[in-house]
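Below, each chain spelled out in residue letters.
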Amino acid sequence: MTKWIRWWGLGVFTGIVVLWMLSIDWIIENSIEFAGTQAVGAKVELDSATLSLRDGTLELSHLQVTNPDQPMQNLFEAARIHSQVDLYALLRRQFISDDARIEGLNLYTKRDSSGAIDGRLFSFGSATKSGEKKALELASKLNIPDVGQLAQEEKARLQAEVESMQAEVEAIKQGWEQRMAQLPTKEQLAQYKRRWEELEDQNALVRIKGTKELRDDIDDDLEALKDLDDQIKADKARIAALTEKAKTLPGREADRLLASVGLDEGFEGMVRHIVGDEAYAKVKQGLSLYRVATSQLSEGADATAKEDDAAKPQRAGGEYIRFAQEQPTPEFLIKQASIDGSVPVAGKLIKFDGVLKDITNEQNIWGKPMTLLASGGSDDGASLKLDGLFDHRGDSPSDQLNFDLRQLALSALTLSDSPTLPITLQKGLANIQTTFALNENGLNATVDSLVKQASFAVAETAENKTAELMRKALASASQFDLKMFLSGNPDDPELRLKSSLDSLIGDVLGAEVNAKVAEKKAELKSELDKVLAEPTAKLGAQGASLDKYQGQLQQYREQLNALLKELR
């Protein structure tokens with residue numbers, strides 16, 4: 001019996017098992033850090049991981065996930081994550097947990113050291129330009145563009161638009177060349193005269209009949225000329241309209257381009273000149289968290305597609321085979337996780353607790369979207385309700401998130417840190433409602449805020465006319481709303497801001513804003529005039545070419561009328 005047992009083999013196996021048991025915690029910790037860092041593009045760090053093979057509990061301590069856009073900030077950190085793991089599934093290389101607890105889940109916390117990888121800074125969004133964040137010198141806050149660059153960027157498009165107008169005029173000219181070629185020639189007029197001369201030698205009955213036929217033919221020609229007169233008037237009007245459009249194109253394009261960079265001349269959206277940079281920074285911060293949180297939800301579908309396209313492995317090369325199951329389960333699944341934590345909002349810490357359900361990287365296998373339901377509030381009376389659904393089972397995500405924060409006490413909130421126009425919201429009570437949706441049509445989100453009992457301050461250190469006017473204007477603003485609209489591509493979203501403060505700010509800054517806009521519009525129009533001067537001149541010259549056709553029609557009409565007089 002003992003001869004059947006290879007004791008050296010049993011010893012090696014026992015040694016491997018012992019080594020695995022001793023190192024499993026280290027393996028889990030390093031696997032989480034490595035995989036997380038690769039997925040996020042910035043450091044993911046874990047203090048410790050402990051797996052109990054006795055009761056199947058896994059505990060992770062102090063998980064930190066770096067914000068790839070801001071390496072000195074964590075997107076979130078969790079003090080403790082405790083889960084009950086299916087050990088039999090773990091042997092099948094599956095992580096299945098019916099229940100987990102995520103404690104101390106705090107968003108947007110500061111880091112002690114940079115979380116960039118090897119000094120690199122990864123970003124999900126477009127790179128921030130140097131000098132993007134500047135003090136509220138009005139010129140910088142207006143984001144005044146480089147006029148020459150704007151004109152150069154639009155040059156090809158505008159030239160193509162004028163060339164399209166030229167092509168339309170050329171088509172009109174060619175049409176008239178064809179029409180003129182179909183008009184009766186001089187030989188036709190001569191034939192009319194010969195018919196009249198021949199009729200003079202005929203008897204009265206023949207002459208009367210022939211004269212009527214000849215007059216009818218001439219009348220038909222005159223009627224055709226009348227139709228051509230109407231057509232040439234319409235074509236000349238069209239060419240005149242195209243020429244005028246080309247002439248006014250630089251001015252209209254200057255308005256459009258300035259409006260596209262936020263320099264329209266209306267008061268709507270004036271608040272963006274004060275809080276626009278800060279609002280965009282908060283949007284980027286929120287979208288970074290969203291991308292990290294949802295980046296793995298559709299991993300399984302992508303992997304399945306890749307496996308279908310992949311070539312079969314070489315013989316003896318090894319292959320992990322996933323056998324069919326009556327009730328398939330994903331590689332990673334947490335059926336339910338209770339959470340508690342906090343999120344900073346306008347300088348206040350909002351605590352929350354709630355439940356995440358159906359957390360998996362293979363929603364197409366599990367067949368359910370991930371859901372979130374949470375509530376909470378602050379120590380001074382704010383209340384929070386949060387719910388979301390994240391469905392990545394299809395070709396494109398279908399995600400929804402609703403955030404409702406009530407009675408948030410605001411204090412000492414800096415709106416502008418400019419030395420020339422420092423504005424602070426000293427106090428206020430805010431209600432903030434946010435709806436977020438991302439699907440095949442792109443991003444569609446709104447943030448609707450209403451602030452009551454508001455009190456503003458413009459620092460006394462600002463001693464200039466604009467600051468004094470703003471100080472007086474804001475003194476009467478005890479309530480205001482602020483609406484933010486997001487749309488388009490989540491990697492580079494379009495952001496619009498609108499507020500009841502727009503007209504108030506416009507009264508103060510309007511003259512200065514409009515002066516800047518008028519100056520830049522004049523510069524931009526001048527640049528566009530240079531670009532379009534030559535093609536516009538050619539267009540105008542083409543329009544004059546119809547005059548000769550109009551002259552030919554008039555000449556032919558006079559000849560026919562003269563012949564009619566002879567017939568009478």
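Given the structure is predicted, the values throughout are model-derived calculations rather than measurements.

Visitor: How would you sum up the overall build of the chain? Please name residues and give values.
Guide: Within the chain, the regular secondary structure consists of twelve helices and 13 strands. Residues counted as buried form 39% of the 568 residues belonging to the chain. Within the chain, counting contacts between residues at least 6 apart in sequence, those at least 24 apart form 65% of the total. About 32400 Å² of surface is accessible on the chain, with carbon and sulfur atoms providing 53% of the total.

Visitor: An account of unusual backbone geometry is needed here, citing residue identities and associated values.
Guide: Backbone geometry places Asp358, a non-glycine residue, at a positive phi of 60°. With respect to the element layout, Asp358 can be found in strand β6 (residues 348-360). With a phi angle near 50°, Ala412 is a residue other than glycine that sits in the positive phi range. You can see Ala412 is positioned in strand β9 (residues 398-416).

Visitor: Can you break down the environment of Val447 residue by residue, with the values?
Guide: Relative to the assigned elements, Val447 resides in strand β11 (residues 442-458). Sequence separation between Val447 and Leu486 is 39 residues, and the spatial gap between their C-alpha atoms is 8.6 Å. Those residues in contact with Val447 that sit more than four places away from it in its chain are Ile432, Gln433, Thr434, Leu482, Lys483 and Met484.

Visitor: Give a description of the pattern of salt bridges that names residues and reports values.
Guide: Taken as a whole and assessed by the stated rule, the structure comprises 15 salt bridges. The residue Glu45 makes a salt bridge to Arg111 at a minimum N-O spacing of 2.7 Å. Here the residue Glu45 occupies a position in strand β1 (residues 44-52), and Arg111 occupies one in the loop between β4 (95-110) and α3 (138-141), the gap between them amounting to 66 residues. According to the relative accessible area criterion, Glu45 is partly exposed, its value standing at 25%. For Arg111, a relative accessible area of 7% translates into the label buried. Between Asp55 and Arg54 there is a salt bridge; the shortest N-O distance is 4.0 Å.

The rules behind the values
- Residues numbered from 1 in each chain as written.
- Predicted model: local features only at pLDDT ≥ 70, side-chain atom pairs only at ≥ 80, totals over all residues.
- Heavy atoms only, no water.
- Helix = DSSP H or I, 4+ residues; strand = E, 2+ residues; numbered from the N terminus.
- Buried < 20%, exposed > 50% of the residue type's maximum accessible area, 1.4 Å probe, protein only.
- Contact = heavy atoms within 4.5 Å.
- Areas by Shrake-Rupley, 256 points an atom, 1.4 Å probe, with all protein chains shown as cover.
- Salt bridge = Lys/Arg side-chain N within 4 Å of Asp/Glu carboxyl O.

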